[in-house]
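Report on the structure
As a plain string of letters, each chain reads:
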Amino acid sequence: METDSLLTGSVNAGSPGYGSRRSLSDPEPGGAAGARRMSYSVSGASCCVEGADEALYIQQAVIFIEDAIQYRSINHRVDAGSLRLYRWYYSRLCQWGLGMVIAVVLLLAFVERPSSLSASSDPRYRAPPWQPPCGVTESIEIVCLIIFCLDLAVKSYLIGWEEFRKSKWLIGYTVVISASVIDWMLSLSMVCDEKLRVRRIIRPFFLLQNSSMMKKTLKCIKRTLPEIASVILLLALHLCLFTMIGMLLFARTEDPEKNGEWDLYFRNLPRSLSSLLVLLTTANNPDVMIPAYTLNRGYSIFFIIFSVFGTFFLMNLLTAIIYNQFRGYLLMSVQTSIIRRRLGIRAAFQVLSCQGAVRATEEHVRVETVLKVMSRVQMKRYFRAAIVKEVQQYAEVGYIGRGDFSKLFDELDKDRIKDHPPIPQYNSPVLQKLQVIFSHYYVTIAGNAVALANVICICTTLVLNSEKTIAEKDDSYMEVINFCFILYYLLEMCLKIFAFGLRGYLSYRNNIFDGLLTILLLALQVTIFVFFRLPYSRQDPASHGLWEMVRLVNMLIVFRFLRIIPDIKLMALVASTLLDLVKNLRAFAGILVVVYYVFAVFGIWLFEGAIKPPPHMSVTSNSTMENITSNFSMECGTYEQLGYWPNNFDDFAAAIVLLYNVMVINNWQAFMDAYSRYTTGWARLYFVCWWLTSSVMWVNLFVAVILENFIYKWDRTHSCSATEVERTRYETSVQLMFKEQIKEPTEEELLSQLHQHPHLHLHW
């Protein structure tokens with residue numbers, strides 16, 4: 001189970017209800033064999049077992065190996081009934097179900113008041129969104145909370161009371177569920193008319209507590225904050241120093257024509273600070289210097305020095321510190337995961353060796369027992385096949401020692417080399433010669449060249465027709481050209497199937513991609529011909545539908561050009577790194593979702609309905625956006641003048657989009673300035689906090705993970721060809737990226753941890 005520490009503390013013998021060893025003289029309640037307490041006594045190379053049978057040994061070993069594969073802690077109950085419950089709880093169906101419940105409870109924010117169920121977020125012409133009746137979302141939420149209660153109960157039972165008390169996450173889980181239920185009851189008592197729902201702000205905790213990797217990442221971020229704070233303090237000193245110098249340089253004068261810089265950017269201390277803070281992000285460069293630069297080119301030196309030291313030196317130094325410190329703390333966290341894997345494997349060997357150790361001078365496990373265990377372990381098929389193959393090498397000896405048993409599971413860290421099916425065998429010499437020709441790599445190169453020519457034709461057509469309306473466009477010649485190219489693609493696909501066989505053709509991922517798009521393009525082209533070009537077709541060739549079909553064909557042809565990626569090594573490496581990021585960034589993306597969620601809820605609390613367009617800007621249904629903005633003008637570059645009305649905190653979806661726009665930084669000062677004018681100057685603090693959290697902290701962490709993934713992948717593939725890269729399924733988990741820097745635990749450390757297991761009692 002997921003606990004704060006790996007295996008902490010000693011066993012409390014005074015807690016018989018949760019994992020303590022029952023005295024041999026005490027009767028066992030119920031008499032059920034599956035509920036008997038396990039007690040192991042190990043001395044030297046012997047192992048004595050009380051009240052256990054072979055089936056329970058195997059069941060325990062299976063669970064311990066599954067824990068090792070998933071980097072889970074083995075601190076859970078080990079009796080037969082608890083193991084069945086544990087395995088059901090961590091089954092794919094149960095975990096997916098729990099994930100869906102978490103997703104549902106988080107998505108309620110889009111439906112709850114203020115509802116996001118409207119076509120537009122622009123308050124000028126947004127129709128009143130549908131508001132769910134009181135009790136609809138509350139009913140869904142209480143069902144989710146009941147499921148969370150069951151989840152908490154199962155987790156607490158499986159790890160026992162002693163481990164529950166040590167787990168801050170489970171205690172926090174209990175508090176969050178209790179607070180949510182209390183707030184839910186208050187909502188119903190107020191007929192869902194409350195302005196503040198506290199439970200919305202704590203819902204992301206459900207997502208955090210369900211992922212061990214998110215917890216590790218969050219802990220690493222927390223440990224990195226002190227180092228980040230020191231650089232941010234230096235950044236703040238830099239900002240304050242230049243703010244004071246700027247206020248002295250651009251002080252108000254008697255000549256109004258020379259007060260442009262003072263009036264726009266240095267009127268007072270808050271405006272001066274915010275102007276230079278935005279300049280630090282380059283969002284208002286060169287606007288901030290233009291009034292002064294117009295008067296004297298020497299003033300540009302002030303802004304250049306500020307940007308060079310702040311943006312290019314201190315901000316990049318901050319990136320380096322975040323990368324270095326976060327990587328170090330993540331390495332420490334990954335060390336814990338590796339220990340969990342080694343401990344799970346060692347525990348599996350320990351329980352299996354209890355059958356053979358009493359008959360041998362050394363600890364060992366029987367080969368047939370290991371094969372029986374591996375047949376029941378839930379794992380990827382190719383890993384199981386590789387481990388079973390290694391086990392069968394010990395068939396003549398009949399048993400496997402401790403060291404060899406641990407080495408079996410090194411297969412989990414190895415890359416998978418995909419073997420393509422054998423090519424068909426033809427008897428005819430002519431067919432054999434054709435097979436050699438069409439299976440050659442140059443056929444793929446020729447196909448890529450033809451695909452490039454097709455894309456160039458489409459690009460040329462787009463340039464020629466860019467100014468024409470749909471009625472003026474004549475796409476008949478482009479249809480003929482595309483049809484010829486599609487026939488070539490179909491011919492290429494058939495020839496490759498002839499050369500490699502159907503199974504061999506489908507064993508290449510790029511062939512699957514290429515073949516599906518070719519079939520889809522052919523179907524669309526035939527549809528266009530049947531419905532628009534035949535004499536008896538009822539559709540008008542000049543209709544909008546024909547243009548949509550042709551446009552879809554062109555987009556698919558352009559998309560098909562991505563087939564070149566596997567044939568260019570560096571491009572294939574980058575593409576595979578991006579795919580690996582989807583897997584390795586789940587924990588980081590989860591925490592980003594949490595941060596977005598919390599800031600969006602806070603933003604709604606603080607700024608909902610704060611910005612309202614003037615009455616004369618309300619429009620009717622037949623008005624256009626151009627008419628709306630042309631009849632209204634304010635100072636250049638402001639929220640109103642730029643027409644940023646859809647970016648607001650009036651509902652959850654709009655808040656998410658606004659926060660994303662601020663994270664991207666471009667023109668983020670417009671939002672900060674608008675909300676500080678419509679509410680209070682303290683609103684700037686909210687946006688600065690979000691900038692620090694998202695752009696400074698999270699974007700740099702994202703860069704760190706991308707660098708680690710790419711460097712790890714590059715080090716393993718720089719000497720391989722593009723074909724070898726395509727055949728290899730690289731294992732690129734976070735744990736494996738840091739494997740070379742991780743110190744393996746010693747046998748004494750593992751045995752010491754096993755001795756502290758709260759439910760698997762080992763007496764030495």
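Residues numbered from 1 in each chain as written. Predicted model: local features only at pLDDT ≥ 70, side-chain atom pairs only at ≥ 80, totals over all residues. Heavy atoms only, no water.

So, on to the overall build of the protein chain. Tallying secondary structure elements over the protein chain gives 30 helices and 7 strands in all. Buried positions account for 47% of the 764 residues belonging to the protein chain. Expressed as a percentage of contacts within the protein chain between residues at least 6 apart in sequence, the contacts between residues at least 24 apart total 75%. For the protein chain, the accessible area works out to roughly 38200 Å², and carbon and sulfur atoms hold 64% of it. (Helix = DSSP H or I, 4+ residues; strand = E, 2+ residues; numbered from the N terminus. Buried < 20%, exposed > 50% of the residue type's maximum accessible area, 1.4 Å probe, protein only. Contact = heavy atoms within 4.5 Å. Areas by Shrake-Rupley, 256 points an atom, 1.4 Å probe, with all protein chains shown as cover.)

One can describe the packing of helix H1 (residues 54-69) onto helix H2 (residues 80-89) by two numbers: an axis separation of 10 Å at closest approach and a directional angle of 35°. Crossing geometry of H1 relative to H2 is assigned as left-handed. In this structure, H1 contributes Leu-56, Gln-59, Gln-60, Val-62, Ile-63, Glu-66 and Asp-67 to the contact, and H2 contributes Ala-80, Leu-83, Arg-84, Tyr-86 and Arg-87. (Axes fitted to C-alpha atoms, helices over the stretch in contact; angles between N-to-C directions. Left-handed = near helix turned anticlockwise from the far one by under 90°.)

As enumerated under the stated definition, the model contains 23 salt bridges in all. In this structure, Arg-199 engages Glu-141 in a salt bridge whose closest nitrogen and oxygen atoms are separated by 2.7 Å. On the criterion of sequence distance, the pair formed by Arg-199 in helix H6 (residues 198-202) and Glu-141 in helix H4 (residues 136-166) is long-range, its members being 58 residues apart. As far as the burial class goes, Arg-199 and Glu-141 line up, both buried. Here the salt bridges do not stand alone but share partners, grouping Glu-112, Glu-138, Glu-141, Asp-183, Arg-197, Arg-199, Arg-200 and Arg-203 into one network. (Salt bridge = Lys/Arg side-chain N within 4 Å of Asp/Glu carboxyl O.)

Pro-114 follows Arg-113 through a cis peptide bond whose omega is -5°. Relative to the assigned elements, Pro-114 resides in the loop between helix H3 (92-107) and H4. Between Asn-285 and the following residue, Pro-286, the backbone shows a cis peptide bond with an omega angle of 5°. Relative to the helices and strands, Pro-286 is located in the loop between helix H10 (269-280) and helix H11 (290-295). In this structure, Val-191 takes a positive phi of about 55° despite not being glycine. Following the sequence through the fold, Val-191 ends up in the loop between helix H5 (168-189) and H6. Residue Val-191 is classed as exposed on the basis of its relative accessible area of 57%.

Put simply, helix H8 (residues 212-249) and helix H23 (residues 586-607) touch, their axes get as near as 9 Å, and they point 70° apart. The orientation of H8 relative to H23 falls into the category roughly perpendicular. Counting all contacts with H8, which are made through Met-213, Met-214, Thr-217, Leu-218 and Ile-221, the residues of H23 involved are Arg-586, Ala-587, Phe-588, Gly-590 and Ile-591. Of the residues that constitute the contact of H8 with H23, the class distribution is 7 nonpolar, 2 polar and 1 charged. (Parallel < 35°, antiparallel > 145°, perpendicular 65-115°, else oblique. Nonpolar A, V, L, I, M, F, W, Y, C, P; charged D, E, K, R; others polar.)

It is worth spelling out the state of the cysteines at this point. Tallying each qualifying case throughout the model produces 1 disulfide. Here Cys-134 engages in a disulfide with Cys-192; their sulfurs sit 2.0 Å apart. Handedness here is read from the sign of the S-S torsion; for Cys-134 and Cys-192, about 65°, the answer is right-handed. Here the residue Cys-134 occupies a position in the loop between H3 and H4, and Cys-192 occupies one in the loop between H5 and H6, the gap between them amounting to 58 residues. You can call Cys-192 buried: its relative accessible area is 4%. (Disulfide = S-S within 2.5 Å.)

Another point: the side chain of Arg-72. The topology assignment puts Arg-72 in the loop between H1 and H2. In this structure the side chain of Arg-72 is engaged in a polar contact, spanning 3.2 Å, whose partner is the side chain of Tyr-86. For Arg-72, the contacting residues outside a window of four places in its chain are Glu-66, Asp-67, Tyr-86, Tyr-90 and Arg-340. (Polar contact = N/O pair within 3.5 Å; in protein donor to acceptor, adjacent residues only side chain to side chain.)

As a further point, take the environment of Ala-674. Tracing the backbone shows Ala-674 in helix H26 (residues 668-678). Residue Ala-674 is classed as buried on the basis of its relative accessible area of 0%. Separated by 36 residues in the primary sequence, Ala-674 and Thr-638 place their C-alpha atoms 7.3 Å from one another. Those residues in contact with Ala-674 that sit more than four places away from it in its chain are Ile-611 and Tyr-639.

Here the focus is H10. Compared with the 16 Å implied by 1.5 Å per residue over 12 residues, the 16 Å span of H10 between its first and last C-alpha is a close match. Buried residues of H10: Ser-272, Ser-274, Ser-275, Leu-276, Leu-277, Val-278, Leu-279 and Leu-280, and no others. Capping the start of H10, Asn-268 holds a side-chain oxygen 2.9 Å from the backbone nitrogen of Arg-271, two or three residues further along. (Expected span 1.5 Å × (residues − 1).)

Here Gln-95 is to be found in helix H3. The spatial distance from the C-alpha of Gln-95 to the C-alpha of Asn-210 is 9.3 Å, given a sequence separation of 115 residues. Ignoring anything within four residues of it in the chain, the contact list for Gln-95 reads Tyr-89, Tyr-90 and Asn-210. Within the structure, the side chain of Gln-95 is placed 2.7 Å from the backbone oxygen of Tyr-89, a separation counted as a polar contact.

With 12 residues, helix H14 (residues 381-392) should cover 16 Å at 1.5 Å per step; its first-to-last C-alpha distance of 16 Å lies within 8% of that length. All buried positions along H14 are accounted for by Phe-383, Ile-387 and Val-391. Looking straight down H14, one finds its buried side chains confined to an arc of 75°; they lie on one side. In H14, the exposed residues that point more than 90 degrees away from the buried face are Arg-381 and Lys-389. Residues of H14 that are buried in the fold lie against helix H13 (367-376), strand E4 (399-401) and helix H15 (402-408). (Arc of directions from axis to C-beta.)

This part is about the nonpolar core. Counting residues in each nonpolar core, the largest one holds 106 residues, and the members touching the most others are Phe-148, Phe-206, Phe-303, Phe-649, Trp-668, Phe-687 and Trp-691. One finds Val-365, Val-370, Ile-387 and Leu-412 within the second-largest nonpolar core, a separate group that totals 37 residues. (Core = buried A, V, L, I, M, F, W, Y, C linked by side-chain atoms within 4.5 Å.)

On the surface, Lys-168, Lys-219, Lys-222 and Arg-223 cluster together into a patch of positive charge. As for its position among the elements, Lys-222 is in helix H8. (Patch = residues over 30% accessible without salt bridge, like charges linked within 9 Å, V, L, I, M, F, W, Y side chains within 5 Å. Lys, Arg positive; Asp, Glu negative; His and termini not counted. Charge placed at Lys NZ, Arg CZ, Asp CG, Glu CD.)

The next thing to look at is the packing of aromatic side chains. Tallied over the entire structure, the rule returns 43 aromatic pairs. When the centroid spacing of 6.5 Å and the interplanar angle of 70° are considered together, the rings of Phe-438 and Phe-498 count as edge-to-face. With a gap of 60 residues between them, Phe-438 in helix H16 (residues 429-438) and Phe-498 in helix H18 (residues 476-500) connect regions that are remote in the sequence. With a centroid separation of 5.0 Å and 55° between ring planes, the pair formed by Phe-599 and Trp-690 is classed as tilted. (Phe/Tyr/Trp six-rings, centres within 6.5 Å; stacked < 30°, edge-to-face > 60°.)

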